[in-house]
Amino acid sequence: RGQEVRAGRALRGSACRARERESERARAAMANLSIDRTLPKPQDIASDGLDGIGFTHFWGNSPALDLLGDPQAAAFGVAAMGVSPGQQYKDASRDQDPFDASGDDGEQLVAPAALPEEGPVNILVAGASDIRHLLKTVARRRGGGKGPKLRFYLHESSHEVLARHILFLQIINNKAMPVRERMETFLSVYGNTLIRERDSRYVNEIADEFIELITDQSTHPLAGIVDLNGLKFKDRDVLQEIFRGWKTDVPFDIEALREQRARGYYRERYDYRKNMMDWDYNTHIKEKAGIINWFHYKAFCFSGVAFETRLASYNTPNHTLASYTAAMDRSKGTSVQVRGFWGDLINSPYWAFSIMTNPVDRPRLFKISGSQYRHTETEIAEFNVEDLIGQLETGEDLHLPAERPEEHLFPYASPLDAMQKASDSHIEEVSEEQEHADQQRTRGRRKPKKEWPPLAPAFEDGGVEVVLLSGELRDVLKKPKYRGHFHRAFLGSMHIMPLFQDAGIAHGSTEDPFKSKDPTAIVRIRQAPRLDRPDLLGKQREESVFAAAMAEGAEVVAETLKYQAHFDALQRLAYRHRVAQAAHLLGWRCEDERRGIPRMEHDMKEKKAQDVERYATDFLRFVTGPALPPLPRNDPELD
């Protein structure tokens, strides 16, 4: 018996040694590959998330705002909370202010200065990633009567996003299409990687006109409101190449490119990526915006298609989502530009138009029955975009029709169905044979210039001007003509680094006044900078480019990370404090300090941080100090 046991042990030992030798040969073979797979990774099961948000941001991660004054800018708490008749699903904590326990800390209420009655209102929009704020601001101006002229300065770090700004302005103002068709085309091109064939043809045809617009040879009405003087000639050349890349004959396999990105993001858990999507949804999305449907968010994460309207086939690549990013040539070791899909994989395009609506129609659109929302985020987005287009056209808000008894009886009729039937009754159906014949007649010929329809009344009256800017934001704002120029400003969350650099608190800064010189020191409670370091108010004001560019009493709205689906709550809270510290150094005062900059504790648990950040404000609003004196103009080349 003992001999049999020893023989079995020897056999198992030899088998183990054989497996070890086989593993060593496999590791030796892997070492010859271009990628050393033995190197440590950011995480064992997936990436750290930063590559998931992409390098080019094609849509924003916050609701649309009227930058001249919008109650939504001061909103706090859960964004898309459902409404039920018996209030059985109402969150009781919404009735109580979660920041009441903080006590009175001497916060002083501040408000921006009044807008100029004469002359244009200059609005800087940096890193918004789309034109949602522009559309809502202009629509509200149209609805409130003719006000002062609005001059928007749109700055983006990516030329592809600027090109999409021009496209969306044209779609919204194309009165040759019905309102509903404009809405469908806008949403399809805005947030879908695969679009309808009709939408692809539309982009293909308008690209030629945009090339002429960039070269100052277009008579399109859009040329009267889009100012390209803020772009260098090399920027115009880049935009030209982007518009040429929108042609349908340019190859762009967005499905394969997106799958490659997804495999790099999920890594070993690619085959089980649905579980990670479910984690992102339940942790970061459902508690803040339950109106976003889980199945729709999952479909977006899998395919990149967010908005599907009617019974249409979404099978054509969206060429407007093609962009370039810097990379390294493996064979030559030189820097190259790689064309591909570098957009967001995990943050859906629903936040801009899907989680808020008109307060009059909100109780019916966000109604809950049986713990389920009666409407989806796509239906809310359709209603809101149609409302914006209607306000641009007529100056009147779009509202739901009168309430019917069928809305309270199973299967609960939707008021949006009645609106859609009414709009469809005014649409003339065109057969495929007729549409094909029209394409054959116009093939090879550009549409005559005189056939372009006029712009929407809100843009046609000369009260709106759009200036496109590119390059480093701080270098742009250094120009003397921008000193004390802007009355309102919006800074996107992915575009906030220039502000940190301007305040001297960027990563790696050795002169950050908010960092302790003792690396072992622990900040047990982090409060708003007005309470922690009141002596630092306005310390960097004289040297700041941002402070010099803002008019006296201007309002600056900074986007938070509240609706980002991959950052932890502690990181999102720390981001709020960092933005507040930069503003404090520039001499800006926070309008809602208590809710916008919650107190942080060094040992705060993630669950508590989620609860605090969930009920914080959507945006951080600051009021600038007195305007800096103008620079002496001894050199005419300063302009």
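Residues numbered from 1 in each chain as written. Predicted model: local features only at pLDDT ≥ 70, side-chain atom pairs only at ≥ 80, totals over all residues. Heavy atoms only, no water.

Student: Which residues make up the pattern of salt bridges, and what values go with them?
Tutor: Counting across every chain of the model gives 37 salt bridges. Glu181 is paired through a salt bridge with Arg198; the nearest N and O atoms lie 3.6 Å apart. Residue Glu181 is found in helix 4 (residues 179–191), and its partner Arg198 is found in helix 5 (residues 197–214); the two are separated by 17 residues along the sequence. Across the pair Asp618 and Lys562 runs a salt bridge whose closest N-O atoms are separated by 2.8 Å. Of the two residues, Asp618 is situated in the loop between helix 21 (606–614) and strand 16 (619–623) and Lys562 in the loop between strand 13 (550–559) and helix 19 (569–585); the sequence distance between them amounts to 56 residues. As far as the burial class goes, Asp618 and Lys562 line up, both buried. (Salt bridge = Lys/Arg side-chain N within 4 Å of Asp/Glu carboxyl O. Helix = DSSP H or I, 4+ residues; strand = E, 2+ residues; numbered from the N terminus. Buried < 20%, exposed > 50% of the residue type's maximum accessible area, 1.4 Å probe, protein only.)

Student: Tell me about the environment of Thr283, and name the residues and values.
Tutor: Looking at the secondary structure, you find Thr283 in helix 8 (residues 273–285). Residues Thr283 and Ala565, 282 residues apart in the sequence, show an inter-C-alpha distance of 8.1 Å.

Student: Account for the sheet that holds strand 4 (residues 226–227), naming residues and giving values.
Tutor: Judged by pairing direction, the sheet is mixed, and its eight strands sit side by side in the order 4-10-2-1-11-13-16-14 without closing on themselves. Whereas interior strands pair on both sides, the edge strands pair on one side only; in this sheet they are strand 4 and strand 14 (589–590). Examined bridge by bridge, strand 11 (residues 486–491) and strand 13 share five bridges and lie parallel to one another. Paired with Phe486 across the bridge in strand 13 is Met550. Contacting strand 2 (150–155), strand 4 and strand 10 (464–469), helix 3 (residues 159–173) runs over the sheet at an angle of about 160 degrees to strand 10. (Pairing = 2+ DSSP bridges. Contact = heavy atoms within 4.5 Å. Axes fitted to C-alpha atoms, helices over the stretch in contact; angles between N-to-C directions.)

Student: I'd like a rundown of the side chain of Arg261, residues and numbers included.
Tutor: Locating Arg261 in the fold gives a position in helix 7 (residues 254–266). With no salt bridge to any partner, buried Arg261 finds its closest opposite charge in Asp344, at an N-O distance of 6.4 Å. (Lys, Arg positive; Asp, Glu negative; His and termini not counted.)

Student: Can you explain helix 4? Please cite residues and give values.
Tutor: With 13 residues, helix 4 should reach 18 Å at 1.5 Å per residue; the first-to-last C-alpha distance of 19 Å fits that figure. Along helix 4, the residues classified as buried are Arg180, Glu181, Arg182, Met183, Glu184, Thr185, Phe186, Leu187, Ser188, Val189, Tyr190 and Gly191. (Expected span 1.5 Å × (residues − 1).)

Student: Which residues make up the environment of Lys149, and what are the values?
Tutor: With respect to the element layout, Lys149 can be found in the loop between helix 2 (132–143) and strand 2. The exposure class of Lys149 is partly exposed, given its relative accessible area of 31%. The sequence separation of Lys149 and Glu465 amounts to 316 residues, and the corresponding C-alpha distance is 7.9 Å. Discounting chain neighbours no more than four positions away, the residues touching Lys149 are Gly119, Pro120, Val121, Gly462, Gly463, Val464 and Glu465.

Student: Before we move on, could you go through helix 6 (residues 233–244) and cite the residues and values that matter?
Tutor: The end-to-end C-alpha distance of helix 6 is 17 Å, a good match for the 16 Å that 12 residues give at a rise of 1.5 Å each. Of the residues making up helix 6, those classed as buried are Asp235, Arg236, Leu239, Gln240, Ile242 and Phe243. End-on view of helix 6: buried residues confined to an arc of 160 degrees, all on one side of the axis. Turned more than 90 degrees from where helix 6 packs its buried face, Phe233, Lys234 and Glu241 sit exposed. (Arc of directions from axis to C-beta.)

Student: Could you give an account of the layout of surface pockets, with specific residues and numbers?
Tutor: Taken as a whole, the second largest pocket holds about 1100 Å³ of empty space. In terms of residues, the lining of the second largest pocket owes the most to one element, helix 19, which gives six residues. Of the residues contributing to the lining of the second largest pocket, the split by class is 17 nonpolar, nine polar and seven charged. (1 Å grid on protein atoms, 1.4 Å probe; cavity = no way out; pocket = protein on both sides within 12 Å on 5 of 7 lines; lining within 4 Å. Points joined across faces, edges and corners; volume = space filled by probe spheres on them. Nonpolar A, V, L, I, M, F, W, Y, C, P; charged D, E, K, R; others polar.)

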